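Residues per chain are reported as follows:
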Amino acid sequence: MQNGQPYAVPIQGITGAPWMRGYQRLPLVKGFGKTQRIDNWWNQPAIMAAALGIAMIYTGLRVILLDGSIHYENHRVTSPIFSPDILHMFHITNHPGWMNSAMLILWIPFGFRGTCYYMRKVYHRTFLQNPTACLVAKPNINHGVGYSGERGVFIFNNIHRYMLYLAVIILSMKYYDVILTMRFNGSWGFSLGTLVLAFESFLLTMYVVSCHAFRHLFGGSLDQWRGGISTVAGWMFRFSSRHNASHNLWFWTSLTMVFLGDIFVLSVAEGVITDPRFIMG
Ligand code: FES
């Protein structure tokens, strides 16, 4: 039921009872998880729930309990989870022993991803089961809840555009960290760690640039892009629009790379693997 009416989809050219005009009833059976779909509809939400669960548990363990080996070679390469390492960057030494940079900075990527329009789809389908999936019955308790968008308890989602501004600052600091990986005792070069952090920053950039709020930032207030700065805004809008269609891809790849980057740094710092390098001069 939706607003007191059975589920329905709009069909052009169909007429009927006042509320059904232009709509056709869908064959939805009741009872949580019941459906007439014959495909493996649960695959995607199950994988997404598992991936998010693992990501949250890994982050919690790494930040709170296992926060050693977060960089190597005197901060030349820093783990993406702890980057930007603001405690080191701003020479903050008089902090409690249990504190690390991730504890101070992670609320920004968490807030940005947590209010992301794609993320809302993920958590509504996986954790809240509202809806469970297209044409799959959700739990009875959720029939009365409905979807309230950015109202009620979900009003915090309105801060997404502001989280975007903060995410852009964090992103620029990550590129600073990439440049740091190219400094070898006064010489320039690069190592595998450089490529790992650069790739992580690239994926994060694509996730930010394909964001709906980023797209609106450049295209939301202009009717046309002709001349001056508006030409650049139009180019940004079109670039963002093109990649916005793949926003889910950038969400998952950038998230995955944060953890792969952390495992890489941890492995090098612990001496499990080496970081091959090329140094100029
Ligand atoms: Fe996903 Fe903005 S980051 S919509």
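Here's what I pulled together on the structure shown here. These figures come from a predicted structure and were not determined experimentally.

Considerations on the packing of helix α4 (residues 107-114) against helix α6 (residues 160-180)
Piece 1. Packing of α4 against α6 leaves a shortest axis separation of 9 Å and a crossing angle of 135°. Classified by the angle between their axes, α4 and α6 sit oblique to one another. Pair α4 / α6 crosses with left-handed handedness. Here α4 contributes Trp107, Ile108, Gly111 and Phe112 to the contact with α6, which in turn contributes His160, Met163, Leu164, Leu166, Ala167 and Ile170.
Piece 2. Here the contact of α4 with α6 is composed, by residue class, of 8 nonpolar, 2 polar and no charged.

Some details on the environment of proline 45
Piece 1. By the secondary structure assignment, proline 45 is in helix α1 (residues 43-65).
Piece 2. Remark: the alpha-carbon pair of proline 45 and tyrosine 123, spanning 78 residues in sequence, is separated by 9.1 Å.

Here's the deal with the pattern of salt bridges
Piece 1. Evaluation of the coordinates by the stated rule reveals 7 salt bridges.
Piece 2. A salt bridge links arginine 76 to glutamate 73; the nearest nitrogen and oxygen atoms lie 2.6 Å apart.
Piece 3. The partner of glutamate 73 in a salt bridge is arginine 277, and the shortest N-O contact between them spans 2.6 Å. A residue pair is termed long-range when its members are at least 10 positions apart, and glutamate 73 in the loop between β3 (71-72) and β4 (77-78) and arginine 277 in strand β7 (residues 277-279) qualify at 204 residues.
Piece 4. Residue classification places glutamate 73 among the partly exposed positions, given a relative accessible area of 38%.
Piece 5. Here arginine 277 falls in the partly exposed class, since its relative accessible area comes to 38%.

Describing the sheet that holds strand β5 (residues 183-184)
Piece 1. Read across the open sheet, the 3 strands follow the order β5-β6-β7; overall the sheet is antiparallel. Of all strands in the sheet, those bounded by a partner on one side alone are β5 and β7.
Piece 2. Both strand β6 (residues 187-191) and β7 contribute to a ladder of 3 bridges, which runs antiparallel. When the bridges of β7 are listed, serine 191 appears paired with arginine 277.

Re empty space enclosed by the protein
Piece 1. Inspection of the entire model under this criterion finds 1 cavity of 30 Å³ or more.
Piece 2. Roughly 30 Å³ of volume is contained in the largest cavity.
Piece 3. Looking at the largest cavity, the residues that line it are Pro80, Ser83, Lys174, Asp177, Val178, Leu197, Glu200 and Ser201.
Piece 4. Elements that contribute at least two residues to the lining of the largest cavity include exactly α6 and α7 (192-209).

A word on the nonpolar core
Piece 1. Within the largest apolar cluster, 50 residues are counted, with the highest numbers of intra-cluster contacts made by Ile81, Phe112 and Phe251.
Piece 2. Breaking this core down by element, the ones donating at least two residues are α1, α3 (101-105), α4, α5 (117-126), α6, α7, α8 (212-219) and α10 (247-269).
Piece 3. Other than its neighbours up to four places away in sequence, phenylalanine 112 contacts His160, Met163, Leu164, Ala167, Tyr207, Val208 and Cys211.

What counts as what
Residues numbered from 1 in each chain as written. Predicted model: local features only at pLDDT ≥ 70, side-chain atom pairs only at ≥ 80, totals over all residues. Heavy atoms only, no water. Axes fitted to C-alpha atoms, helices over the stretch in contact; angles between N-to-C directions. Helix = DSSP H or I, 4+ residues; strand = E, 2+ residues; numbered from the N terminus. Parallel < 35°, antiparallel > 145°, perpendicular 65-115°, else oblique. Left-handed = near helix turned anticlockwise from the far one by under 90°. Contact = heavy atoms within 4.5 Å. Nonpolar A, V, L, I, M, F, W, Y, C, P; charged D, E, K, R; others polar. Salt bridge = Lys/Arg side-chain N within 4 Å of Asp/Glu carboxyl O. Buried < 20%, exposed > 50% of the residue type's maximum accessible area, 1.4 Å probe, protein only. Pairing = 2+ DSSP bridges. 1 Å grid on protein atoms, 1.4 Å probe; cavity = no way out; pocket = protein on both sides within 12 Å on 5 of 7 lines; lining within 4 Å. Points joined across faces, edges and corners; volume = space filled by probe spheres on them. Core = buried A, V, L, I, M, F, W, Y, C linked by side-chain atoms within 4.5 Å.

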